[in-house]
Amino acid sequence: ELKEIVFIIQSQSNYFHSKRAEDLKRDILKQAADLGKELPVVLFIHQMDRHEGAWTILPLMRDFSVTYGRNSTWIFFCEEDTRIQVVKLLETLGRFDGSKEWFLGKALYDEESTIIHHYAFAENPTAFKFPDFAAGWALSIPLVNKLAKKLKNEPLKSDFTIDLKHEIALYIWQKGEGPSLTPVPEFCTDDVSSYKVDHCATTFSNFLPLCGEPVEKEDVFVAVKTCQKFHGDRIPVVKQTWEREAALIEYYSDYADNAIPTIDLGIPNTDRGHCGKTFAILERFLNNSSPRTPWLVIVDDDTLISIFRLRKLLSCYDPKEPVFLGERYGYGLGTGGYSYITGGGGMVFSRVAVQKLLASKCRCYSMDAPDDMVLGMCFSGLGIPITHSPLFHQARPMDYPKDYLSHQIPVSFHKHWNIDPVKVYFTWLAPNTEQSFNGKKVGYNREDL
């Protein structure tokens, strides 16, 4: 029965995201009403966050077990852009015995062991499957009850959350004591208009959001963090690739090099974090850039980014709000820690967010503290939620499953290890994937990268 499914939308409090979640809820309830069925429960993750870790889902298992453990059969999770065919979902879940422990989803796997999963399953990375959240995923209530009991007896470790879908699958698997992910072919990430979706209970419709005209080039100020030792190898890559997309760009270093040119902020380079440098950039943006420039992007010198796509994405956000946008990580969320935007994929701030941050007393606890984590701590203390976009990436394209990237139009990647970064840019991020490169027209094959 439909009323035995609890729908959980992995929503966010930012207006653009919460509105999309509301639209999805309305669609699920309309489909239920059209079927003449008793309406199911549809909940938003962002409204459950009595603590900041709600988005990591595991801390909510005990609440789910207490509230829904008796009258429900499935908890079905989805993203705000997942599209659900309710009748087909009912048919699909109906194939599984809801009195047993099931973990269902569209399976992703690593083709090679990767840093974002701490090189797990290095001998055979393809063996471990984890769910693509965009396709939706489901837990049977017996499994939810089991996880709730385990969490009651063994609190979550206070550690980093880097790739939630992989970490949840690891936690459920329990080194072989719990269930593995059961792949469900009806959970799909093809676009709703694709000819392939006839059998699908779910589809996905994100790719790259656009809400009206892209923001103007001059509305985005780009700050590149660098240091003298990387002037010779990393900055030329920026200049060969995405620099031309930025109308306003400055390079901040520990050495003034007029050939680039770089600006010496008077902050010595540190081998660990760059908190001192980042806060100096924030101060400079507020005091030296035009007050009419609403957006600041801070990137590393080995970040590959599409400013062209970022301008489209930013059309969906209100710069009068305090917006802090990028790829979300978490620290210590099992015990009341904080979320943060991981720096390598690029950190995007509205001017209002920078004003509120600098008006507070929150600053670096040391010059070489990790800047992204300190910013997360500061915004958490100010009650300003960070906004996650899966289109920013802390690692390289080959560090992610191909199937995961196939339903994205990415905004950024990071790191130059063992890749040709210029090739990666023109393949994955250039305004047209076919770009003239050294005077020749080339189209790179993503499969090779």
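Residues numbered from 1 in each chain as written. Predicted model: local features only at pLDDT ≥ 70, side-chain atom pairs only at ≥ 80, totals over all residues. Heavy atoms only, no water.

So the rule is basically this: UniProt positions are given in the numbering used here, feature names are shortened, and annotations may be inferred rather than shown by experiment.
Looking at an unreviewed UniProt entry, the protein carries the name B3GLT glucosyltransferase, with the source organism given as Hemiprocne comata. UniProt, in its Sequence similarities (unreviewed entry) section for the protein, records the words "Belongs to the glycosyltransferase 31 family."

### Quick word on the domain arrangement of the protein
Applicable threshold: As annotated, the domain borders come from an automatic or database domain assignment. Any two residues whose heavy atoms approach within 4.5 Å at even a single point are treated as in contact. Take the accessible area each of two parts loses on contact, using a 1.4 Å probe, and add the two losses: that sum is the buried area. What counts as a salt bridge is simple: a side-chain nitrogen of Lys or Arg found within 4 Å of a carboxyl oxygen of Asp or Glu. Note on conventions: DSSP H or I runs of at least 4 residues are helices, E runs of at least 2 residues are strands, and numbering of each starts at the N terminus. Three categories are distinguished: nonpolar for Ala, Val, Leu, Ile, Met, Phe, Trp, Tyr, Cys and Pro, charged for Asp, Glu, Lys and Arg, and polar for the others, with Gly belonging to the last.
Domain boundaries assigned for the protein yield domain 1 (2-204) and domain 2 (217-429). Opposite the 29 residues of domain 1 that make contact, domain 2 presents 30 residues. Taking both partners together, domain 1 and domain 2 bury about 2,600 Å²; carbon and sulfur atoms supply 55% of that area. In terms of surface lost to domain 2, no three residues of domain 1 exceed Glu 52, Trp 55 and Phe 160, which account for 21% of the buried area on that side. Across the contact surface, domain 1 and domain 2 share 2 salt bridges. For the side of domain 1 that touches domain 2, the secondary-structure elements that each account for two or more residues are α1 (15-34) and β9 (160-161). Broken down by class, the residue content of the side of domain 1 that touches domain 2 amounts to 12 nonpolar, 10 polar and 7 charged.

### Side note on the state of the cysteines
Rules: The definition used for a disulfide is geometric: two cysteine sulfur atoms within 2.5 Å. Relative accessibility under 20% of the residue-type maximum defines a buried residue, over 50% an exposed one, and the middle range a partly exposed one, all with a 1.4 Å probe and only protein chains included.
Counted under the stated rule, the structure contains 4 disulfides. The disulfide that involves Cys 362 links it to Cys 378, with 2.1 Å between the sulfurs. Judged by the sign of its S-S torsion, about -80 degrees, the cystine formed by Cys 362 and Cys 378 is left-handed. Residue Cys 362 is found in the loop between α9 (351-359) and α10 (371-381), and its partner Cys 378 is found in helix α10; the two are separated by 16 residues along the sequence. The exposure class of Cys 362 is partly exposed, given its relative accessible area of 25%.

### Some remarks on the pairing of strand β13 (residues 248-253)
For the record, the criterion: At least two bridges found by DSSP between two strands are what make those strands a pair. Crossover handedness is defined here as right-handed if the route from the first strand over the helix to the second strand goes clockwise, with the strands pointing away from the viewer.
Both strand β12 (residues 220-225) and β13 contribute to a ladder of 5 bridges, which runs parallel. Following the sheet pairing, Phe 221 is matched in β13 by Leu 248. In this fold, β12 hands off to helix α6 (residues 235-240), which returns the chain to β13; that crossover is right-handed. Where β13 lies against strand β14 (residues 262-264), 3 bridges are found, and the strand directions are parallel. Its bridge partner lying in β14, Tyr 252 is registered against Ile 263.

### Remarks on helix α5 (residues 164-173)
Counted residue by residue, α5 has 7 buried out of 10 residues, so it is predominantly covered. Gln 174 sits one or two positions beyond α5 and adopts a positive phi of about 50 degrees.

### As for the confidence of the model for the protein
Put simply, the rule reads: One confidence number per residue, pLDDT, is output by the predictor and ranges from 0 to 100.
Of all residues in the protein, 95% have pLDDT values of 70 or greater, and the mean over the chain is 93. In the predicted structure, residues 434-444 sits below a pLDDT of 50 and forms 20 contacts with residues beyond four places in sequence or in another chain.

### Details of α10
Of all the 11 residues making up α10, 8 are buried; the element is thus mostly covered by neighbouring parts of the structure. Downstream of α10 by a residue or two, Gly 383 has a phi angle that is positive, lying close to 75 degrees.

### Points about the pairing of strand β8 (residues 137-140)
Two faces, one strand: in a regular strand the side chains alternate between the faces of the sheet. What you see with β8 is no split at all: Trp 137 and Leu 139 on one side and Ala 138 and Ser 140 on the other are buried throughout. Pairing between strand β3 (residues 74-78) and β8: 4 bridges, direction antiparallel. When the sheet's bridge partners are listed, Trp 74 is paired in β8 with Ser 140. With 3 bridges joining them, strand β5 (residues 103-105) and β8 adopt antiparallel strand pairing. What sits directly across from Gly 105, in β8, is Trp 137.

### Overview of the sheet that holds β3
Pairing between the strands of a sheet comes from backbone hydrogen bonds, and it takes one of two forms, parallel or antiparallel. Definition in use: Note on definitions: angles span 0 to 180 degrees between N-to-C directions of axes, and those axes are lines fitted to C-alpha atoms, for helices only across the stretch in contact.
Reading across from one edge, β2-β1-β3-β8-β5-β10 is the order of the 6 strands in this open sheet, with mixed pairing throughout. Edge positions in the open sheet fall to β2 (41-44) and β10 (182-183), since each of these has one partner strand only. Where β5 meets β10, 2 bridges bridge the pair, whose relative direction is parallel. Bridge pairing links Gly 105 to Pro 183 in β10. Docked against the sheet, α1 engages β1 (5-9), β2 and β3, running at close to 175 degrees with respect to β2.

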